[in-house]
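# Architecture at a glance
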Amino acid sequence: MEKIPRQKMPVQNPQERVKNFSSVALGYSEEQAILEAKRCIQCKNPTCVKGCPVEINIPGFIKEIANKNFTAAAKILKDKNNLPAVCGRVCPQETQCEIKCVLSKKSDPVAIGRLERFIADWERKNSPMSLPAKDSVEGDVPNLKSEILNLRSKVAILGSGPAGLTCAADLAKLGYEVTIFESLHTPGGVLMYGIPEFRLPKDIVHHEIDYIKSLGVKIKTNMLVGKIKTVKELFDEGYKAIFIGTGAGLPQFLGIPGENLNKIYSANEFLTRVNLMKAYKFPEYDTPVNIGKRVAVFGAGNVAMDSARVSLRLGAEEVFIVYRRSEKEMPARLEEIENAKEEGVKFHLLTAPIKFIGDENNNVIKVECLKMELGEPDASGRRRPVPIKGSEFTIDVDTVVIAIGQTPNPLLPKTISDLKIGKHGNIIVDEVTGATNIPGIYAGGDIATGAATVIDAMGAGKRAARAIDEYVKSKK
Amino acid sequence: MFKIIEKSTPSIKVNKFVIEAPEIAKKVLPGQFVILRLDEKGERIPITVADKDIEKGTITLFIQEVGKTTTKMGTLKNGDSILDIVGPLGVPSHIENFGTVLCIAGGVGVAVIYPIAKALKEKGNKIISILGARSKDFMILENEIKKISDEFYITTDDGSYVQKGFVSDVLKKLIAQSPGKPVADIVYAIGPVPMMRVISDITKQHNLKTIVSLNPIMVDGTGMCGACRVSVGGVTKFACVEGPDFDGHLVNWAELVNRLCVFKTKEKESLDHHCKLDK
Ligand SMILES: Cc1cc2nc3c(=O)[nH]c(=O)nc-3n(C[C@H](O)[C@H](O)[C@H](O)COP(=O)(O)OP(=O)(O)OC[C@H]3O[C@@H](n4cnc5c(N)ncnc54)[C@H](O)[C@@H]3O)c2cc1C
Ligand SMILES: Cc1cc2nc3c(=O)[nH]c(=O)nc-3n(C[C@H](O)[C@H](O)[C@H](O)COP(=O)(O)OP(=O)(O)OC[C@H]3O[C@@H](n4cnc5c(N)ncnc54)[C@H](O)[C@@H]3O)c2cc1C
Ligand code: SF4
Ligand code: FES
């Protein structure tokens, strides 16, 4: 039999796509998906599944695709993953499931992520789920009578990012009455405010959140827990357990002179303006964003790549990624680094900033940098960048985005007395159950691990849901 | 949706809104603010809660028309609704019995200082108030503040009401009248940035501890975006979660002024766009 090659994903041409915010990757056709699915050899002991934090039956859904049973494939996928269209787009499959696929030993692994995306998209287009009516979204489970509802245990979820959404959906599937409290005006967490439209269209996030609502989950927006309500008050209101999924919030800054000059943004501010507040449609939308002609982005993770690519789409002429280590250490997903390069983002590697210089109006105009070389590995296992003496040079810029990471937002943890907190402000949890040191309070996602990935946050939400179920039952 | 129960226009360009928001009313304390978004395409704007009525479940906001959102709000009527309001946000003002408190406020800052002054009065402080406005027609909450003040002064820039001059003139006079003895144990100064800056400069010379309420540009208001960062005592602080109250003697005022101007041209574009739409 002739060997089928790994199917390429059709994408928008780079020259075109830097002018718009539409999806970069366009998704497999049916034919391509079936061809790709046929590459899977249906291992008896599928190693790919071990790489998936939410334990999707990967060969199972791929087999159904190969047999053109898309509905069945979707069912298997959603059995474990409540946000498949999101994961199919943003998970780092190359370092999780695909790296563990047996085919990768001899050739290319099965494109598990692209198949996941294909099925989620197919389902969205072809078998629209029955959504609850708009005004019942805030409220009731479609098929349960209120008397029954009263008998069910209530669980509160704080934060509606991937961790909170997953925990909520799994608990709802187990029959709990679940309420999510979200501080922003829109649920979704980083999926809504951080990851740009061209990588993760917002109507897809809305659609998957609507699915979760259809399971009976209530979502209360504009509720900053810790201020409007304390955790203690939630327990007093009858919530039997609480899951904290409030994410990584506080942006980190470089701590160098000139950092508060105008047009120096944290990535969070920059991306929130553009994604959540739709500043790319200003002035039709009210929130502005300033973008100049020459933009420097500090950092090299997904957040930095997103900021750089957003800058190009807002009309910047030259965009630089400035990173103090080498390409090998860049934490961003491979696909996103490649996309950024194709779109014309330039890379200043082994370069660290030492100060920002402004003009008479306090707008940033230059950044002074030092060249670095790699020394011995540090605690993170990566080789430590060491400054090269006398290598100072400046880059002319008129906009700067700082994307060097976030630390967990301390606002809520600070309001829970006796809650165990780590050195970096993260909530300390049991890795298996997500339990904190306080009975009935669980946590997971970026607030526990520090900035990580969507799928890790979902995995944590899933494990916590299981643990919460056991905890609540043990109390009855 | 948050319903407007009562709207009025107590002064030129300042509108008063009483809004149904029972949960916020229950929780909000003096010095705290909310962030509201008018409609689907709206910006998130921070506004201090000037008053509350827990029984009626309402909060009161005084909003000065300066740009697109605040101007658009001026067109709202009783019964209209605001899409989103989140709060209370920020650290409540520190209220204790200091002895004598000097409350200095200008413009819409009067609405911000009102709940603080009221709480300070309830704690047993002697309240000396100095209110300032551009002219008589710009004065708000005069009677309410007068009622809780032991000493009360008003200035108007153009002399159209009571006394011509600035709040800083009254402050200087009070200091001069009380040689060798501090005029107050603590000063609260809230209003336009230039006013807070001038007051802080004066009180610094006389070693009078001064609290100001900063109004940097904000987006989320929960410590996530870093837009509201201000330098206080050489350290970067997030005004939305560590403020808005800070020690006026430690604030880097020049930086705050610059950062408030960062969207000037864009804001004008937005207002023009809005005006065209209305035509
Ligand atoms: C720009 C960007 C790009 C990224 N790209 C990728 C990618 O390609 N692939 C990938 O796997 N990961 C990516 N990540 C990381 C990933 O998005 C996060 O790891 C993930 O979203 C964490 O999920 P979470 O549920 O823990 O928190 P979040 O998604 O941060 O959600 C937390 C939610 O809690 C709310 N909240 C906070 N405090 C409170 C409170 N007190 N009360 C109520 N609500 C509160 C917040 O408003 C927010 O909505 C990216 C991150 C960013 C910022
Ligand atoms: C903690 C806090 C409390 C406040 N309380 C009140 C109040 O009680 N009453 C009141 O009238 N105003 C208050 N403000 C100021 C108010 O938020 C701004 O006037 C409003 O955001 C302007 O919106 P706009 O769209 O009408 O104007 P824009 O056209 O957007 O801006 C006009 C000017 O307002 C300032 N501004 C713009 N956006 C913001 C923002 N997001 N945050 C702060 N300032 C901004 C800038 O200096 C700008 O040049 C407060 C601000 C803060 C930070
Ligand atoms: S390891 Fe690869 S080939 Fe084997 S079941 Fe998983 S996807 Fe298919
Ligand atoms: S407004 Fe975003 S951190 Fe304060």
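Check the entry above for the structure.
Notes on the structure follow. Just so you know, these numbers come straight off a predicted model, no measurement behind them.

### Points about the site of ligand 2
All names here are of chain B. Lining the immediate environment of ligand 2, one finds 24 residues, of which Pro46, Phe62, Gln64, Thr70 and Glu267 sit closest. Contact distances for ligand 2 include 2.7 Å between an oxygen atom and a backbone N or O atom of Gln64. Contact with the protein chains removes 90% of the 850 Å² of surface that ligand 2 exposes when unbound. Taken together, the elements giving at least two residues each to the shell around ligand 2 come down to strand E4 (44–48), strand E6 (58–64), helix H2 (68–73) and helix H9 (264–278). With five residues, the top contributor of residues to the shell around ligand 2 is E4. For the shell around ligand 2, the per-class residue count stands at 13 nonpolar, six polar and five charged.

### What to know about the sheet that holds E6(B)
Residue and element names in this part refer to chain B. Strand order in this open sheet of five strands is E5-E6-E2-E1-E7, and the pairing throughout is antiparallel. Looking at the sheet topology across the chains shown, the edges are occupied by strand E5 (51–53) and strand E7 (81–82). As paired strands, strand E2 (residues 14–20) and E6 are joined by seven bridges and run antiparallel to one another. Considered in E6, the bridge of Val18 is made with Thr60.

### Digging into the site of ligand 1
Residue and element names in this part refer to chain A. Of all residues adjacent to ligand 1, which total 34 residues, the nearest are Val90, Ala163, Glu182, Arg199 and Asp446. Glu182 is positioned with one of its side-chain polar atoms (N or O) 2.7 Å from an oxygen atom of ligand 1. The contact in question runs from an oxygen atom of ligand 1 to an N or O atom on the backbone of Asp446, over 2.8 Å. Here ligand 1 has 1000 Å² of accessible area as a free molecule, and 96% of this is covered by the chains.

### So, the packing of helix H4 (residues 58–66) of chain A against helix H7 (residues 112–126) of chain A
Residues and elements named next belong to chain A. For the pair H4 and H7, the least separation of the axes is 11 Å and the interaxial angle reads 60°. As summarised for this structure, H4 and H7 are arranged oblique, according to the angle between their axes. Remark: the crossing between H4 and H7 carries left-handed chirality. Where H4 approaches H7, its residues Ile58, Phe61, Ile62 and Ile65 are matched on the opposing element by Ile112, Leu115, Glu116 and Ile119.

### Side note on helix H11 (residues 202–214) of chain A
Residues and elements named next belong to chain A. Taking 1.5 Å of rise per residue, 13 residues should cover 18 Å, and H11 covers 18 Å from first to last C-alpha, within 8% of that figure. In the core, the buried residues of H11 are packed alongside helix H5 (70–80), helix H6 (84–90), H7, helix H9 (162–173), helix H10 (190–193) and strand E3 (218–220). Once H11 finishes, Gly216 follows within two positions and takes phi at roughly 105°, a positive value.

### Let's talk about the pairing of strand E2 (residues 177–181) of chain A
All names here are of chain A. E2 sits mainly inside the fold: five of its five residues count as buried. What you see with E2 is no split at all: Glu177, Thr179 and Phe181 on one side and Val178 and Ile180 on the other are buried throughout. Here strand E1 (residues 154–158) pairs with E2 via five bridges, running parallel. Counted as the bridge partner of Ala156 is Thr179 from E2. Handedness of the β-α-β unit built from E1, H9 and E2 comes out right-handed. Where E2 meets E3, three bridges bridge the pair, whose relative direction is parallel. When the bridges of E3 are listed, Phe181 appears paired with Lys220.

### Brief notes about the environment of A:Arg273
Positionally, A:Arg273 belongs in helix H13 (residues 267–276). Here A:Arg273 falls in the buried class, since its relative accessible area comes to 2%. Distance from A:Arg273 to A:Thr287, taken between C-alpha atoms, is 6.6 Å for residues 14 residues apart in sequence. Setting aside chain neighbours within four positions, we find A:Arg273 in contact with A:Tyr265, A:Lys278, A:Ala279, A:Thr287, A:Pro288, A:Val289, B:Ile217, B:Val219 and B:Phe263.

Parameters at a glance
Residues numbered from 1 in each chain as written. Chains lettered and ligands numbered in written order. Predicted model: local features only at pLDDT ≥ 70, side-chain atom pairs only at ≥ 80, totals over all residues. Heavy atoms only, no water. Near = heavy atom within 4 Å. Polar contact = N/O pair within 3.5 Å; in protein donor to acceptor, adjacent residues only side chain to side chain. Areas by Shrake-Rupley, 256 points an atom, 1.4 Å probe, with all protein chains shown as cover. Helix = DSSP H or I, 4+ residues; strand = E, 2+ residues; numbered from the N terminus. Nonpolar A, V, L, I, M, F, W, Y, C, P; charged D, E, K, R; others polar. Pairing = 2+ DSSP bridges. Axes fitted to C-alpha atoms, helices over the stretch in contact; angles between N-to-C directions. Parallel < 35°, antiparallel > 145°, perpendicular 65-115°, else oblique. Left-handed = near helix turned anticlockwise from the far one by under 90°. Contact = heavy atoms within 4.5 Å. Expected span 1.5 Å × (residues − 1). Buried < 20%, exposed > 50% of the residue type's maximum accessible area, 1.4 Å probe, protein only. Right-handed = clockwise from strand over helix to strand, strands pointing away.

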